[in-house]
Amino acid sequence: MADETVVKTEHLRILFDALCHSLDFGSGFLDTEEVNALRAIAGYLGVNPMVATPSEFVTQYTHDFEASDAPTRPGKCWASGPRYGQPETPEEFAARVAEVTARCRYCTRPADAAPHPQKETA
């Protein structure tokens, strides 16, 4: 009879979070087999598998569009010219928010771009 070891879900979640939120995550040390395993563990834990997908792998997996987080406050205008380094105007800030939130937080592509599921047309 084989010796069976049971890992508690909370311990698995701690290890999963430590790996996926480490500074080294996505630095190129994972291969496809390891990413597939992390994505399977994410599903087991009830976490979106894209959380366990380093940026260099996201195009391999179809995923639902999730808008990027919007900036919370105006920044500086970094365009060249006389406004260089000046605070953004409310209009510039609104345009930047619209541009950022129109992109997927996982792959930075627009909602209708692959690898997002394409909506069926009637």
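Source: prediction; values computed, not measured.

*Asks:* Run through the environment of Tyr61, naming residues and quoting values.
*Replies:* With respect to the helices and strands, the residue Tyr61 is situated in the loop between α2 (32-45) and α3 (90-101). Expressed as a C-alpha distance, the spacing of Tyr61 and Ala114, which sit 53 residues apart in the sequence, is 9.5 Å. If we skip the residues at most four places from it in the chain, Tyr61 touches Thr32, Val35, Asn36, Arg39, Thr53 and Pro115. A polar side-chain atom of Tyr61 sits 2.5 Å from a polar atom in the side chain of Asn36.

*Asks:* Pulling in residues and values, what's your account of the nonpolar core?
*Replies:* The nonpolar side chains of a soluble globular protein tend to be buried with one another. Ranked by size, the top nonpolar core spans 12 residues in total: Phe16, Cys20, Phe25, Leu30, Val35, Leu38, Ala42, Leu45, Val47, Ala52, Phe57 and Tyr61. Only α1 (9-20) and α2 provide two or more residues apiece to this core. Broken down by element, this core gets its largest block of residues, 4 residues, from α2. By size, the runner-up hydrophobic cluster in this structure holds 5 residues, among which are Met50, Val58, Tyr106 and Cys107.

*Asks:* Explain the confidence of the model for the protein residue by residue, including any values.
*Replies:* Do not read the fine detail of predicted coordinates wherever pLDDT is low. A residue-level look at the protein finds 86% of positions with pLDDT of 70 or above and a mean pLDDT of 84. Looking across the protein, the model is least confident in α3, with a mean pLDDT of 88, and most confident in α2, with 93.

*Asks:* Tell me about the pattern of salt bridges, and name the residues and values.
*Replies:* This structure, assessed with the given rule, holds 3 salt bridges. The salt bridge involving Asp17 is made with Arg13; its shortest N-O contact spans 3.2 Å. Of this pair, Asp17 and Arg13 both sit in helix α1, 4 residues apart, roughly one helical turn. Judged by relative accessible area, Arg13 falls into the partly exposed class, the value being 33%. Across the pair Arg105 and Glu66 runs a salt bridge, and its minimum N-O distance is 2.9 Å. Of the two residues, Arg105 sits in the segment after α3 while Glu66 sits in the loop between α2 and α3, which places them 39 residues apart along the sequence. By relative accessible area, which is 30% here, Glu66 ends up partly exposed.

*Asks:* Kindly report on the packing of α1 against α2, identifying the contributing residues and their values.
*Replies:* Running from N to C, α1 and α2 point in directions that differ by 130°, and their axes come no closer than 11 Å. Overall, the two elements α1 and α2 adopt an arrangement that is oblique. The two elements α1 and α2 meet at a crossing, and its hand is left-handed. Across from Thr9, Leu12, Arg13, Phe16 and Leu19 in α1, the residues of α2 making contact are Leu38, Ile41, Ala42, Tyr44 and Leu45. Class assignment for the residues of the contact of α1 with α2 results in 8 nonpolar, 1 polar and 1 charged.

*Asks:* Quick rundown of the side chain of Ser68? Include the residues and the values.
*Replies:* Considering the arrangement of structural elements, one finds Ser68 in the loop between α2 and α3. At a separation of 3.5 Å, a polar atom in the side chain of Ser68 contacts the main-chain amide nitrogen of Arg105.

Calculation rules
Residues numbered from 1 in each chain as written. Predicted model: local features only at pLDDT ≥ 70, side-chain atom pairs only at ≥ 80, totals over all residues. Heavy atoms only, no water. Helix = DSSP H or I, 4+ residues; strand = E, 2+ residues; numbered from the N terminus. Contact = heavy atoms within 4.5 Å. Polar contact = N/O pair within 3.5 Å; in protein donor to acceptor, adjacent residues only side chain to side chain. Core = buried A, V, L, I, M, F, W, Y, C linked by side-chain atoms within 4.5 Å. Buried < 20%, exposed > 50% of the residue type's maximum accessible area, 1.4 Å probe, protein only. pLDDT = per-residue confidence, 0-100. Salt bridge = Lys/Arg side-chain N within 4 Å of Asp/Glu carboxyl O. Axes fitted to C-alpha atoms, helices over the stretch in contact; angles between N-to-C directions. Parallel < 35°, antiparallel > 145°, perpendicular 65-115°, else oblique. Left-handed = near helix turned anticlockwise from the far one by under 90°. Nonpolar A, V, L, I, M, F, W, Y, C, P; charged D, E, K, R; others polar.

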